[in-house]
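Structural overview for review
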Amino acid sequence: MESILVIIDAEEDKPLSGQALETLGAAAALSAIVKKEISVGLVGSGDLSKVATALAGAAAKAFTFSDAALKDPGYARDAFAAAKLVKASGAAWVLAPASSRWSRALPGAAERCGGKVDTHITSFEEKGGKAAAGRWYYRQRIFGKILREQGPWFMTIETGSFPKAAVGVGAAPAVTPVAEALPASRSKVLGLRSLSGGKQTIKPDAELLLVAGAGWTKTQKDGVKHAKEAEGLILAFLEKYGASLGSSKAATDLAAEGGEALTFMTQLHQVGQTGASPRHAKGLATCCFGEEPHVVGWRFINERRAIDLNANCGWAQGKADVLYVADVFEVFKELAK
Amino acid sequence: MSIDHTYHLVICGSVVPDPLQSLEPVVTQGKPGLKNELMLPMVLDPFVNHSLNEAAKLREATKDTQVHLVAVGPKAKLQQLMMVLAQKTAFNLVAVDAPAGGFIDSHTVAAALAEAIKAIPGLDLQKTLVFGGWSSASRASGTTLQLVGEKLGITEQFFGVDRLTPAADGGFTVLERVEAGQHLETQVAGAPAVIGWATGELPELPNNPKIGMMNMAKIMPAIGKAKAVDLASAGFSVVDTALPAEKRQTRVVKDMPAAAVAAEIKEWIASGKAG
C-alpha cells in the first residue's frame, strides 16, 4: 500500500532529534493532503524497536535497519539502508530531515529506488488535488512550489518549517526489521573534527544568532584597531547569552586572507549567498554592511535587530526590526556586565 | 608533497547569475525563469569554483593527473565564462549546451552530466574523482552530484568537503561539514569517489595568461562541438515562483546611551524564553 515513509537516523538509547520530530510533523501535513498513512524508517545501531515504540501516535508502522556500522553517517551505507527501507515499505513519498546525513544520502537512495528527489522543503499545500512542495531557489531569494507526477518522491525537510509531531500517545507502530548485510565499504569514519580551535561557536539549537561583520576589526573612533578586544567581547556575549555565531563574508574573508581578523572565525560561520541560512528565533547583526546577499542568509531569522554606526545601513533598513545607531564596542561592554 | 599516483579528475559545473544581481521570477511560454535571464552576468557556480581550485592543487601534488571540466550552460554563456576561467588552471573542457536555470530538474541535469563524463576519451572511471559544488547557487538542491555518481556506479560520495588529503597509496582522507560547525573525517581507500566541495581552504587561483592561451586553443573547439541537450523533465514542474514580499518597518534608535541600548537588547533576548 502506498504510504508516507519518514526516514530518521536513530540510536537505541538516544532520544530523537527535534529535526526528526519536525519531519514527522511534515509527514502529518503531507498526509492531510494525500490521505495516506505514515510509516517510519529507522536507520542506526542497537535495538531500534525501542525507538519505534516511542513513536506511538505519529506512525502506524515502523521499518528498522540496524547495524553497528550505521552509528556514524556515511553516504554508501546510509543510501543503501534507506533504499532497502523504502522498498520494504512500498512508500510513494519519502521524507527525511535536511540534516547533513540525509542531505547527502537521500538523493542516492532515490536513484536506487527509481524515484525522484527534492530537498529543503519548507511547506506542503494542495494544488489541483495533488501535493505541492514549497522550497526556496537561488539561495533563498525566490520561492517556488514543485509538482511531480512520478514517484516515489523523496524529500528532505528544512529545519524550523513544520511543528514537531506529538509522540508517545496512542498505539505503538508495528515494527518490521529489515535484515540485510551492508555492502563492503572502501571508507572508514575516523571521527569528528573542529577546525576552529575547539571553541564551539556555531550552535544550531541556540535561540539567538549573533552575526559579526568586518566592522569589528576596522579602525575605531580612537584611530586604532581593536580586534583582540572584539574577540573577547564577542566570545563573552556568546557565552553569557548562549548565542550562536555567524559572520558576514567580509569578516570570514579577512580571517582566511590573514588580515587582522577574529581568529575563531571560519568559513563555516559565514551566512548569506555563499554561506549558511541558519534558523534561529532571533538575530543580532553587528557591524555588517552588506545588503541583499547578506539578507539572504537571514531569511529564516524571525526577529532581527542590528547595531551599526550608520543610520542608513542598507542591510538594516526595511530588513531589521530595530536598528541601534551606536558604538558596538560600548554596547557589548554593557552587555557583558 | 608530491605523490606518485594518478587521478582522473572530472569537475561538474554550471553557470549561475552573479550573486550581486537582483533576480525577478517570470514565466515564459509556461515555464518559470528569470527576468532578462540571458542578459544577466553569469559566473561559475561558486562552490564549483572552489572545486576547480582544489583540483588544481591535487594535480600539482600528484603525477600525470588530468582535469576535465564538464560544464552545462548556454553556449554563449560558457564562452564568456571561459575567457576568465581559462586563465586559472589547465583543464580539458567538455561543454554541454543546455539551459542553466534553477528551476530545472536535477535528474535531467545529472543524466546529461553522466553521459558527458562517460564519453570523455581515455577516462578510467576506476581512477576517477568526480568533483563539483555540494550545492548550486541556483537550484541549491545538493542532489545532482549524488545522482551523477549513482549513474556512474560510484558509491563512495562525500559532500560539504573542505579538505581532501591524498596519501601515497592513492587513498585519501576527507573532511565533510556536519552540524554545529564541525567536520566528519573519513578515510577512503581511493578512487572512484564523488567529492562535493564546500568552500575548501584555498584562495582564488591567480590569472595566468600563458595557461589561458594554452587552454583557449582547446576550449573554443570544445564549445563549438558542444552537444545540445534538452533538460525538460516529464511530470516535473515548478509553479508559483515569487519573490518574498516581506519588508519590515525598521525602528531606528539614535542618540541612546550604550547602557540603555544594552538594557533594551537584554530585555529583548530574555523575552519569550521559558522560565
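This structure is a prediction, so every number in the text was calculated from the model and none was measured. (Residues numbered from 1 in each chain as written. Chains lettered and ligands numbered in written order. Predicted model: local features only at pLDDT ≥ 70, side-chain atom pairs only at ≥ 80, totals over all residues.)

1. So, the interface of chain B and chain A
Threshold: With C-beta atoms placed from the backbone, a contact is any residue pair whose C-beta atoms sit within 7 Å. Secondary structure elements are defined from DSSP: runs of H or I of at least 4 residues count as helices, runs of E of at least 2 residues count as strands, and each element is numbered from the N terminus. Just so you know the grouping, Ala, Val, Leu, Ile, Met, Phe, Trp, Tyr, Cys and Pro go in nonpolar, Asp, Glu, Lys and Arg go in charged, and all remaining residues, Gly too, go in polar. Paired strands, in this sense, are two strands between which DSSP finds at least two bridges.
With 66 residues of chain B at the interface, the matching set in chain A holds 72 residues. Top element by residues in the side of chain B that touches chain A is helix α6 (residues 258–270) of chain B. It accounts for eight residues. Its residues assigned to classes, the side of chain B that touches chain A comprises 34 nonpolar, 20 polar and 12 charged. With three bridges joining them, strand β16 (residues 322–325) of chain A and strand β14 (residues 251–253) of chain B adopt parallel strand pairing. By the bridge assignment for β14(B), A:Y324 is matched with B:V253.

2. Structural notes on the nonpolar core
Applicable threshold: In these notes, a nonpolar core means any group of buried Ala, Val, Leu, Ile, Met, Phe, Trp, Tyr and Cys residues linked to one another through C-beta atoms within 7 Å. Counting other C-beta atoms within 10 Å of a residue's C-beta gives its exposure: the residue is buried at 20 or more, exposed at 12 or fewer, and partly exposed in between, where C-beta atoms are placed from the backbone.
The biggest cluster of nonpolar side chains holds 134 residues, and the ones touching the most others in it are A:V6, A:A82, B:V70, B:L113 and B:I195. Counting residues per element, this core draws most heavily on helix α3 (residues 75–89) of chain A, which supplies nine residues. In this structure, A:V6 is in contact with A:T23, A:L24, A:A27, A:I38, A:V40, A:G41, A:A59 and A:L95, ignoring residues within four places of it in sequence. Ranked by size, the runner-up nonpolar core spans 47 residues in total, among them A:A214, A:M265, A:A285 and A:C313.

3. Some words on the environment of B:D255
Within the secondary structure, B:D255 sits in the loop between β14 and α6. Between the C-alpha atom of B:D255 and that of B:P32, which follows or precedes it by 223 residues, the distance is 48 Å.

4. Details of unusual backbone geometry
A:P152 follows A:G151 through a cis peptide bond whose omega is -5°. In this structure, A:P152 sits in the loop between β8 (142–148) and β9 (153–157). Residue B:P192 is reached from B:A191 by a cis peptide bond, and omega for that bond is 5°. By secondary structure assignment, the location of B:P192 is in the loop between β10 (183–188) and β11 (193–197). With a phi angle near 60°, B:A180 is a residue other than glycine that sits in the positive phi range. Note on placement: B:A180 falls in the loop between β9 (172–177) and β10. Backbone geometry places B:D255, a non-glycine residue, at a positive phi of 55°.

5. Observations regarding the pairing of strand β15 (residues 303–308) of chain A
Residues and elements named next belong to chain A. With five of six residues buried, β15 is to be regarded as a mostly interior element. Note: β15 against β16, four bridges, orientation parallel. Each residue of the ladder has a partner; that of R305, found in β16, is V322.

6. Let's talk about the sheet that holds strand β5 (residues 116–121) of chain A
All names here are of chain A. Inclusion rule: Here an angle of 0 to 180 degrees is reported between the N-to-C directions of two axes, which are lines fitted to C-alpha atoms, with helices fitted over the stretch in contact.
With parallel pairing, seven strands are arranged side by side in an open sheet as β5-β9-β4-β1-β2-β3-β10. The open sheet has two edge strands with one neighbour each: β5 and β10 (174–177). With direction set aside, neighbouring strand axes in the sheet form an average angle of 25°. Sheet topology places β5 next to β9; four bridges connect them, and they run parallel. Across the sheet, the residue bridging to K116 is W153, located in β9. In the packing of helix α1 (residues 18–34) onto the sheet, the strands contacted are β1 (4–11), β2 (38–45), β4 (93–97) and β9, and the crossing angle to β4 comes to about 155°.

7. Describing the sheet that holds β15(A)
Pairing in this open sheet of six strands is parallel, and the strands run β13(A)-β12(A)-β14(A)-β15(A)-β16(A)-β14(B) from one edge to the other. In this open sheet, the two strands that pair with only one neighbour each are β13 (244–247) of chain A together with β14 of chain B. Taking the axes of each pair of neighbouring strands and ignoring which way they run, one obtains an average angle of 20° across the sheet. Where strand β12 (residues 208–212) of chain A lies against strand β14 (residues 282–286) of chain A, five bridges are found, and the strand directions are parallel. Across the sheet, residue A:L209 finds its bridge partner in β14(A), namely A:G283.

8. Points about the environment of A:G232
Residue and element names in this part refer to chain A. Within the secondary structure, G232 sits in helix α5 (residues 227–241). Judged by C-beta crowding, with 12 C-beta atoms within 10 Å, G232 ranks as exposed. Separated by 101 residues in sequence, G232 and K333 have C-alpha atoms that sit 9.9 Å apart.

9. Structural notes on the domain arrangement of chain A
Residue and element names in this part refer to chain A. Test applied: Boundaries between domains were set according to an automatic or database domain assignment.
You can read the domains of chain A as domain 1 (4–177) and domain 2 (208–335). Domain 1 puts five residues into the contact, and the matching count from domain 2 is six residues. A class-by-class count of the residues in the side of domain 1 that touches domain 2 yields no nonpolar, three polar and two charged.

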